[in-house]
Amino acid sequence: MTFDWNWEFAFEILPRLLRATINTLIAAGVGYGIAMILGLVFALALRSSGRLPRTLLREVLEFIRSTPLVVQIFFIFYVGPQVGITLSPWVAGMIAIGLHYSAYLAEVYRAGIEAVPRGQWESCRALNLTTRDSYVRIILPQALPHAVPGMGNYLVGIFKDTPMLSVIGVTELMQAANSIGSETYRFLEPYTLVGLIFLALSLPTAGLVRLGERRLRRKLGL
Amino acid sequence: MWEFLQTYGPRLLDGALVTCAQFILAALVACVAALAAGLGRLSSLWPVRSLSVVYIELFRGTSLLVQLYWIFFVLPLFGISLPKFEAGFLSVGLNVGAYGAEIVRGAIQAVPRGQWEAGYALSMSPAKRMRRIILPQALVLMLPPWGNLMIELLKGTALVALIAVPDLMFVAKQINGATFRSAEAFGAALLVYYLLARVLITPAMRGLERAMARRLGRA
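Bear in mind the structure is a predicted one, so any value in this text is a computation, not a measurement.

1. A look at the overall build of chain B
Turning to step 1, where the next piece is worked out: Tallying secondary structure elements over chain B gives eight helices and zero strands in all.
Turning to step 2, where the next piece is worked out: Order of helices (α) and strands (β) in chain B, N terminus to C terminus: α-α-α-α-α-α-α-α.
Turning to step 3, where the next piece is worked out: Considered along the principal axes of its C-alpha atoms, chain B spans approximately 70 × 45 × 20 Å.
Turning to step 4, where the next piece is worked out: Residue burial in chain B is summarised as follows: out of 219 residues, 47% are buried.
Turning to step 5, where the next piece is worked out: Taking all contacts inside chain B whose residues are at least 6 apart in sequence as the whole, residues at least 24 apart take part in 74%.
Turning to step 6, where the next piece is worked out: Just so you have it, chain B exposes about 10600 Å², and 68% of that area is on carbon and sulfur atoms.
Turning to step 7, where the next piece is worked out: Within chain B, the 10 negative side-chain charges are centred at a point lying 12 Å from the centre of the 20 positive side-chain charges.

Structure follows, in structure tokens:
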């Protein structure tokens, strides 16, 4: 084989790849939604409960963060049936990616919450707010701006990790390119186009995140 | 569980050794690429600067898996055929190197202005100033984020299994395919990755941080 870029072939497969891109975006969005909610739960759990559960949870999150996402995806997909829960590739993939990134987002939230001045907690106490009210009405709204830059970075990160879902057969961008490759024995166009689509989506998003971060910093007077 | 380890332990160990080899080689590639691109981005020559920016944005803007497949399946069409083992650690190293380049750049820029001016006042050449004054101080600043990056690199090496490099993840997948004992196979792999990260890489990086700080007389 030699290098021969075929424009006709490239345009022929582009619609199929773009359709798969929508699935990639859905996967990233759903995964991120799960990660945002779970991450907040973990972050709050890390702050509240007793010493033993806290250490245990911290170790579990450390474990999730320092082991490869692909292995976690395989683990969840294949171990489910072994214990009697059969998960579809989509469900298993979303759980794996959501859980993986929730461990990162928990750290981001924790740092945000810790950035809220002590005085705010003391005022809550002084105003006799319940713990729930203190978090929901006073602390979290102030913690969020500190967490936004980190959250943005992990949004881009989760988007770039979605190709790993192809290993269990989720029909996203990488999977589409793989099946085009195995149907036509042409790898140059599909893989190059996938790379370009990723660049076209992630560079502007990363730029927006950076812009938003700068604007937020100015607003907060940092 | 015990007999599972007795039967498959040696194979998992072989896989873990391949993972370690991939990790070390990829880390070397990442260090070289990060230093070159990080310094290149600060160069006063625009071709060097733009080349570094293109490298950094290209590798940070796309997925590691896409890069791995591209290097393994597409690069041969350009006449550069890499065996899977080399393609594996090169992709992982180049990917992590792009992130590392930004750390290198940030650390160099974070060295106080006075240090640059002092080097200038002693009429050091720019190269000598960088090598003797700026880089050693920047190194101390960049080590903590490099520690995190090394964990990411270890995780990245798991992907080389997808181009059939027989690493830990590949072995786990094979055992799973042959026995359907998924919990044991993937569980053991996860545990080994965790131990590598927690017992080897993190303490090694901490030790390096302390040693560097001591050499600069800051500890």
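2. Some words on the nonpolar core
Turning to step 1, where the next piece is worked out: Residues Leu17(A), Trp146(B) and Leu153(B) are the most contacted members of the largest nonpolar core, which totals 113 residues.
Turning to step 2, where the next piece is worked out: Among the elements that take part in this core, helix α6 (residues 126–157) of chain B stands out by supplying 13 residues, more than any other.
Turning to step 3, where the next piece is worked out: Setting aside chain neighbours within four positions, we find Leu17(A) in contact with Leu173(A), Ala176(A), Ala177(A), Ile180(A), Pro190(A), Leu193(A), Val194(A) and Ile197(A).

3. Re a nonpolar patch on the surface
Turning to step 1, where the next piece is worked out: Residues Ile22(A), Ile26(A) and Val30(A) make up a contiguous nonpolar surface patch of about 250 Å² in total accessible area.
Turning to step 2, where the next piece is worked out: Looking at where Val30(A) falls in the secondary structure, it is placed in helix α1 (residues 7–47).

4. Quick word on the pattern of salt bridges
All names here are of chain A.
Turning to step 1, where the next piece is worked out: Tallied over the full model, the rule gives 15 salt bridges over all chains.
Turning to step 2, where the next piece is worked out: Residue Asp133 pairs with Arg132 through a salt bridge whose shortest N-O separation is 4.0 Å.
Turning to step 3, where the next piece is worked out: Salt bridges sharing common partners tie together Asp4, Arg186 and Glu189.

5. Focus on the interface of chain B and chain A
For an interface, size is often stated in terms of accessible area lost upon the parts coming together.
Turning to step 1, where the next piece is worked out: At the interface, 38 residues of chain B touch 38 residues of chain A.
Turning to step 2, where the next piece is worked out: Across the chain B to chain A interface the summed buried area is about 3300 Å²; carbon plus sulfur atoms make up 73%.
Turning to step 3, where the next piece is worked out: It is Leu77(B), Lys155(B) and Leu190(B) in chain B that bury the most area against chain A; as a group they hold 20% of the surface buried on that side.
Turning to step 4, where the next piece is worked out: Counting every contact that joins chain B to chain A gives one salt bridge.
Turning to step 5, where the next piece is worked out: There are 14 residue pairs in polar contact (both at pLDDT 80 or more) connecting chain B and chain A.

6. A closer look at the confidence of the model for chain A
Turning to step 1, where the next piece is worked out: In this model, chain A carries a mean pLDDT of 90, and residues with pLDDT of at least 70 account for 97%.
Turning to step 2, where the next piece is worked out: For chain A, helix α8 (residues 188–220) of chain A is the element with the lowest average pLDDT, namely 88, and helix α4 (residues 89–114) of chain A is the one with the highest, namely 94.

7. Remarks on the side chain of Thr162(A)
All names here are of chain A.
Turning to step 1, where the next piece is worked out: You can see Thr162 is positioned in the loop between α6 (131–161) and α7 (173–184).
Turning to step 2, where the next piece is worked out: By relative accessible area, Thr162 is classed as buried at 0%.
Turning to step 3, where the next piece is worked out: Aside from chain neighbours lying at most four places away, what touches Thr162 is Thr24, Ala27, Ala28, Ile97, Glu172 and Phe198.

8. Examining a positive patch on the surface
Turning to step 1, where the next piece is worked out: Together, Arg210(A), Arg214(A), Arg215(A), Arg218(A) and Lys219(A) line one region of the surface with positive charge.
Turning to step 2, where the next piece is worked out: Arg210(A) gets classed as partly exposed once you look at its relative accessible area, which sits at 39%.

9. What about the packing of α8(A) against helix α2 (residues 46–61) of chain B?
Turning to step 1, where the next piece is worked out: Relative to each other, α8(A) and α2(B) sit at 105°, their axes nearing to 9 Å. In terms of orientation, α8(A) lies roughly perpendicular with respect to α2(B). The residues of α2(B) that touch α8(A), namely those facing Phe198(A), Leu199(A), Ser202(A), Leu203(A) and Arg210(A), are Glu57(B), Leu58(B), Arg60(B) and Gly61(B).
Turning to step 2, where the next piece is worked out: Classifying every residue of the contact of α8(A) with α2(B) by side-chain character gives four nonpolar, two polar and three charged.

10. Description of the environment of Arg137(A)
Turning to step 1, where the next piece is worked out: The topology assignment puts Arg137(A) in helix α6.
Turning to step 2, where the next piece is worked out: As a C-alpha pair, Arg137(A) and Gly152(A) span 15 residues in sequence and 23 Å in three-dimensional space.

11. Quick notes on unusual backbone geometry
Turning to step 1, where the next piece is worked out: One non-glycine residue with positive phi stands out, namely Asn128(A), at about 65°.
Turning to step 2, where the next piece is worked out: Since its relative accessible area comes to 68%, Asn128(A) is described here as exposed.
Turning to step 3, where the next piece is worked out: Positioned with a positive phi, Phe180(B) is a non-glycine residue whose angle comes to about 60°.
Turning to step 4, where the next piece is worked out: Secondary-structure assignment places Phe180(B) in the loop between α7 (168–179) and α8 (182–215).
Turning to step 5, where the next piece is worked out: With relative accessibility at 63%, the residue Phe180(B) sits in the exposed group.

12. Things to note about the packing of aromatic side chains
Residues and elements named next belong to chain A.
Turning to step 1, where the next piece is worked out: Following the criterion strictly, the structure yields 22 aromatic pairs over all chains and no others.
Turning to step 2, where the next piece is worked out: Ring geometry for Trp7 and Phe11: centres 6.0 Å apart, planes at 25°, overall stacked. In this pair, Trp7 and Phe11 both sit in helix α1, four residues apart, roughly one turn of the helix. Each member of the pair Trp7 and Phe11 is classed as exposed.
Turning to step 3, where the next piece is worked out: For the pair Tyr101 and Tyr154, a centre-to-centre distance of 6.1 Å together with 65° between the ring planes defines the contact as edge-to-face.

13. Examining the side chain of Lys155(B)
Turning to step 1, where the next piece is worked out: Looking at where Lys155(B) falls in the secondary structure, it is placed in helix α6.
Turning to step 2, where the next piece is worked out: Beyond its immediate stretch of four places on either side in the chain, Lys155(B) contacts Arg65(A), Ser66(A), Thr67(A), Pro68(A), His100(A) and Tyr104(A).

14. Focus on α7(B)
Turning to step 1, where the next piece is worked out: Between its first and last C-alpha, α7(B) extends 16 Å over 12 residues, near the 16 Å set by a 1.5 Å rise per residue.
Turning to step 2, where the next piece is worked out: Burial in α7(B) covers these residues: Leu168(B), Met169(B), Phe170(B), Val171(B), Ala172(B), Ile175(B) and Asn176(B).
Turning to step 3, where the next piece is worked out: Taken together, the buried residues of α7(B) touch α3 (69–82) of chain A together with α1 (2–41) and α8 of chain B.
Turning to step 4, where the next piece is worked out: Directly beyond the C-terminal end of α7(B), a positive phi value near 60° is found at Phe180(B).

Calculation notes
- Residues numbered from 1 in each chain as written.
- Chains lettered and ligands numbered in written order.
- Predicted model: local features only at pLDDT ≥ 70, side-chain atom pairs only at ≥ 80, totals over all residues.
- Heavy atoms only, no water.
- Helix = DSSP H or I, 4+ residues; strand = E, 2+ residues; numbered from the N terminus.
- Buried < 20%, exposed > 50% of the residue type's maximum accessible area, 1.4 Å probe, protein only.
- Contact = heavy atoms within 4.5 Å.
- Areas by Shrake-Rupley, 256 points an atom, 1.4 Å probe, with all protein chains shown as cover.
- Lys, Arg positive; Asp, Glu negative; His and termini not counted.
- Charge placed at Lys NZ, Arg CZ, Asp CG, Glu CD.
- Core = buried A, V, L, I, M, F, W, Y, C linked by side-chain atoms within 4.5 Å.
- Patch = residues over 30% accessible without salt bridge, like charges linked within 9 Å, V, L, I, M, F, W, Y side chains within 5 Å.
- Salt bridge = Lys/Arg side-chain N within 4 Å of Asp/Glu carboxyl O.
- Buried area = accessible area lost by both parts, 1.4 Å probe.
- Polar contact = N/O pair within 3.5 Å; in protein donor to acceptor, adjacent residues only side chain to side chain.
- pLDDT = per-residue confidence, 0-100.
- Axes fitted to C-alpha atoms, helices over the stretch in contact; angles between N-to-C directions.
- Parallel < 35°, antiparallel > 145°, perpendicular 65-115°, else oblique.
- Nonpolar A, V, L, I, M, F, W, Y, C, P; charged D, E, K, R; others polar.
- Phe/Tyr/Trp six-rings, centres within 6.5 Å; stacked < 30°, edge-to-face > 60°.
- Expected span 1.5 Å × (residues − 1).

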